[in-house]
Amino acid sequence: IIGGSTYSSGSGDKDVWLIKTNSSGVLISSKAFGGSESDGGRSVQQTEDGGYIIAGSTESYGNGAADVWLIKTDANGDSSWTQTFGGSDSDDGLSVQQTDDGGYIIAGTNTETPGNIQNGLLFKTDANGNEEWNQNFGLGGCESVQQTDDGGYIITGADYSTANTDVLLI
C-alpha cells in the first residue's frame, strides 16, 4: 500500500492518493480523496480489519488554513469515514498508527501565523476517529509516533527551539 498526494487524479488542486499493488509492484487499485482545495496524504497503515488508515492534511474541509485529515477505508480503499482536527492555523498529520484499543494515534505539526512557528501535535481518537484527547508540544514538530509496550507513546521529530534544529524524542 502506498499513500501520498497527486495532482493528476481526484477532484482538486492536490488530493490524497492511495495506491495498492501486488507483491511484484503491479497496480491493483488507485483511489483519490479530496475537495477543491489542496489536500495531501503523509502516512498510511493497514488496520486490523484489513482496511487502511491515512493521515495528512486538508484545505478543503475543517476549520483552518489546513487541518489534520484522517481517512479510514475498507480493504478496497473505499472511504468508510473521515475526520479533521485542528484550529485556525495550518495543521498537518505526519504519522498514524492504530492503537491497542482499536483507536488511532496521529503525530503532526501546527504552524502558527504570523511567525511561521511550528509546534508538535499528538491526537488520540477512538475506532471511529472521534477525538479523545490532544497534546501540543511547543516548539518543534512531531513526525513519527508508535505505541509502546506500556500503553504509552514514543514520538520523534525536530526541535526548533534552539539555533540549530535538534532531534526531538518524547
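You'll find the structure just up there.
Remember, it's a predicted structure, so these values are computed and weren't measured experimentally.

A.B. asks: Please clarify how the sheet that holds strand β2 (residues 15–21) should be interpreted in this entry.
C.D. replies: The strands making up a sheet associate through backbone hydrogen bonding, with each pair oriented either parallel or antiparallel. If you trace the three strands from one edge of the open sheet to the other, you get β1-β2-β3, paired in antiparallel fashion. In this open sheet, the two edge strands, each paired with only one partner strand, are β1 (2–6) and β3 (27–33). If you compare each strand with its neighbour and ignore which way they point, the axes differ by 25° on average. Summarising the sheet, β2 and β3 pair through six bridges and their orientation is antiparallel. The residue bridging Lys-20 from the neighbouring strand is Ser-29, located in β3.

A.B. asks: Looking at this structure, I do not really get a negative patch on the surface. What am I missing?
C.D. replies: A grouping of Glu-48, Asp-100, Asp-149 and Asp-150 is seen on the molecular surface, where their side chains present a negatively charged patch. Looking at the element boundaries, Asp-149 is found in the loop between β12 (141–147) and β13 (153–159).

A.B. asks: Can you walk me through the pairing of strand β7 (residues 79–85) in this structure?
C.D. replies: Consecutive side chains along a regular strand alternate between the two faces of the sheet. Bridge analysis of strand β6 (residues 67–73) against β7 gives six bridges, and the strand direction is antiparallel. Among the inter-strand pairings, Leu-70 is bridged to a residue of β7, identified as Gln-83. Between the end of β6 and the start of β7, which pair antiparallel, lie five residues, with Gly-77 showing a positive phi angle near 85°.

A.B. asks: Quick question: what am I supposed to make of the pattern of salt bridges here?
C.D. replies: Between side chains of opposite charge, a pair can form when the charged atoms approach closely. Per the counting criterion, the structure on display carries five salt bridges. A salt bridge links Lys-31 to Asp-78, with the shortest nitrogen-to-oxygen separation between them at 2.6 Å. With Lys-31 in strand β3 and Asp-78 in the loop between β6 and β7, this pair connects stretches of sequence that are 47 residues apart. You can call Asp-78 partly exposed: its relative accessible area is 33%. In this structure, Arg-42 and Asp-92 form a salt bridge, with 2.7 Å as the shortest nitrogen-oxygen distance. Of this pair, Arg-42 sits in strand β4 (residues 39–46) while Asp-92 sits in strand β8 (residues 90–98), placing them 50 residues apart in sequence. Residue Asp-92 is classed as buried on the basis of its relative accessible area, which comes to 11%. Connected through salt bridges with shared partners, the residues Asp-101, Lys-124 and Glu-132 form a single ionic network.

A.B. asks: Can you walk me through the packing of aromatic side chains in this structure?
C.D. replies: Two numbers describe a pair of aromatic rings. These are the distance of the centres and the angle of the planes. Scanning the model with the defined rule gives four aromatic pairs in all. Both rings, one in Tyr-61 and one in Trp-69, keep their centres 5.4 Å apart while their planes meet at 50°; by these two values the pair is tilted. Taking relative accessible area as the criterion, Trp-69 reaches 4% and is therefore assigned buried.

What counts, and at which threshold
- Residues numbered from 1 in each chain as written.
- Predicted model: local features only at pLDDT ≥ 70, side-chain atom pairs only at ≥ 80, totals over all residues.
- Heavy atoms only, no water.
- Pairing = 2+ DSSP bridges.
- Helix = DSSP H or I, 4+ residues; strand = E, 2+ residues; numbered from the N terminus.
- Axes fitted to C-alpha atoms, helices over the stretch in contact; angles between N-to-C directions.
- Patch = residues over 30% accessible without salt bridge, like charges linked within 9 Å, V, L, I, M, F, W, Y side chains within 5 Å.
- Areas by Shrake-Rupley, 256 points an atom, 1.4 Å probe, with all protein chains shown as cover.
- Salt bridge = Lys/Arg side-chain N within 4 Å of Asp/Glu carboxyl O.
- Lys, Arg positive; Asp, Glu negative; His and termini not counted.
- Charge placed at Lys NZ, Arg CZ, Asp CG, Glu CD.
- Buried < 20%, exposed > 50% of the residue type's maximum accessible area, 1.4 Å probe, protein only.
- Phe/Tyr/Trp six-rings, centres within 6.5 Å; stacked < 30°, edge-to-face > 60°.

Spatial relationships are all this shows, so hold off on functional conclusions.
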